[in-house]
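# Notes for the structure review
What follows is the residue order along each chain.
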Amino acid sequence: DIDHSLWSARCLVSNPGVIRQAHQDYYGAGARVAITASYQAHLGGFRDLGLGPAEAAEAVRRSVALAREAAPPAGIVAGSVGSY
């Protein structure tokens, strides 16, 4: 469900598998770089989702881990930082 202003941040918490699958799909289509699903990730947004600072930080770390798990041996992972 992406009908939420923080849909990708919410997926990091509630459905991380969909983030990993998206990375795998892009790599499978020929991408060489994955961008972490952390653009919308910010403390205020995670607070709105009911998470504290430690849980929010873990979700951001998870965004990197999911991209790394999906990456082929030569795949590159780039961190995405929003303007929040």
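Here the structure is shown first, and the text comes after it.
Residues numbered from 1 in each chain as written. Predicted model: local features only at pLDDT ≥ 70, side-chain atom pairs only at ≥ 80, totals over all residues. Heavy atoms only, no water.

### Thoughts on the packing of helix 1 (residues 7-14) against helix 2 (residues 16-28)
Put simply, the rule is: Think of each axis as a best-fit line through the C-alpha atoms, taken over the contacting stretch in the case of a helix, with angles from 0 to 180 degrees between the N-to-C directions. Numbering goes from the N terminus for both helices and strands, where a helix is a DSSP run of H or I of at least four residues and a strand is a run of E of at least two. Throughout this description, any angle smaller than 35 degrees is read as roughly parallel, any larger than 145 degrees as roughly antiparallel, any in the 65 to 115 degree range as roughly perpendicular, and the remainder as oblique. Residue contacts are defined here by distance: any two heavy atoms, one from each residue, within 4.5 Å place the two residues in contact. Classification used: nonpolar for Ala, Val, Leu, Ile, Met, Phe, Trp, Tyr, Cys and Pro, charged for Asp, Glu, Lys and Arg, polar for all others including Gly.
The N-to-C vectors of helix 1 and helix 2 enclose an angle of 110°; their axes lie 5 Å apart at closest approach. Considering the angle they form, helix 1 stands roughly perpendicular to helix 2. Where helix 1 approaches helix 2, its residues Ser8, Cys11, Leu12, Val13 and Ser14 are matched on the opposing element by Pro16, Val18 and Ile19. Across the contact of helix 1 with helix 2, the residue classes break down as six nonpolar, two polar and no charged.

### A look at the pattern of salt bridges
The cut-off we apply is this: Counted as salt bridges are all cases of a side-chain nitrogen of Lys or Arg within 4 Å of a carboxyl oxygen of Asp or Glu. The rule is simple: take the accessible area with a 1.4 Å probe, protein chains only, and divide by the maximum for that residue type; under 20% is buried, over 50% is exposed, in between is partly exposed.
All chains considered together, the criterion is met by two salt bridges. When the shortest N-O distance is used, the salt bridge between Glu69 and Arg20 registers 2.6 Å. Placement of the pair is Glu69 in helix 4 (residues 53-70) and Arg20 in helix 2, with a sequence separation of 49 residues. With relative accessibility at 48%, the residue Glu69 sits in the partly exposed group. The exposure class assigned to Arg20 is partly exposed, which follows from its relative accessible area of 27%. Residue Glu58 is joined to Arg61 by a salt bridge in which the shortest nitrogen-to-oxygen separation is 3.3 Å. Here Glu58 and its partner Arg61 are both found in helix 4, three residues apart, which amounts to about one turn of the helix. What makes Arg61 partly exposed here is its relative accessible area of 49%.

### So, the environment of Ala37
Tracing the chain through its elements places Ala37 in the loop between strand 1 (33-35) and helix 3 (43-48). Residue Ala37 is classed as buried on the basis of its relative accessible area, which comes to 14%. The spacing of Ala37 and Ala54 is 17 residues in sequence and 18 Å in space, taken between C-alpha atoms.

### Concerning the side chain of Ser63
Of note, Ser63 is situated in helix 4. Sequence-distant contacts of Ser63, defined by excluding residues within four places in its chain, comprise Leu12, Thr36, Ala37 and Ser38.

### Details of a nonpolar patch on the surface
Where we set the bar: Think of a patch as exposed residues, more than 30% relative accessible area, with no salt bridge, where like charges cluster within 9 Å and nonpolar side chains (Val, Leu, Ile, Met, Phe, Trp, Tyr) cluster within 5 Å. What sets the accessible areas is the Shrake-Rupley method with a 1.4 Å probe; for residues, cover comes only from the shown protein chains.
A surface patch of nonpolar side chains, amounting to about 270 Å² of accessible area, comprises Val33, Ile35 and Ile76. By the secondary structure assignment, Ile76 is in strand 2 (residues 76-78). Ile76 sits in the partly exposed class, given a relative accessible area of 46%.

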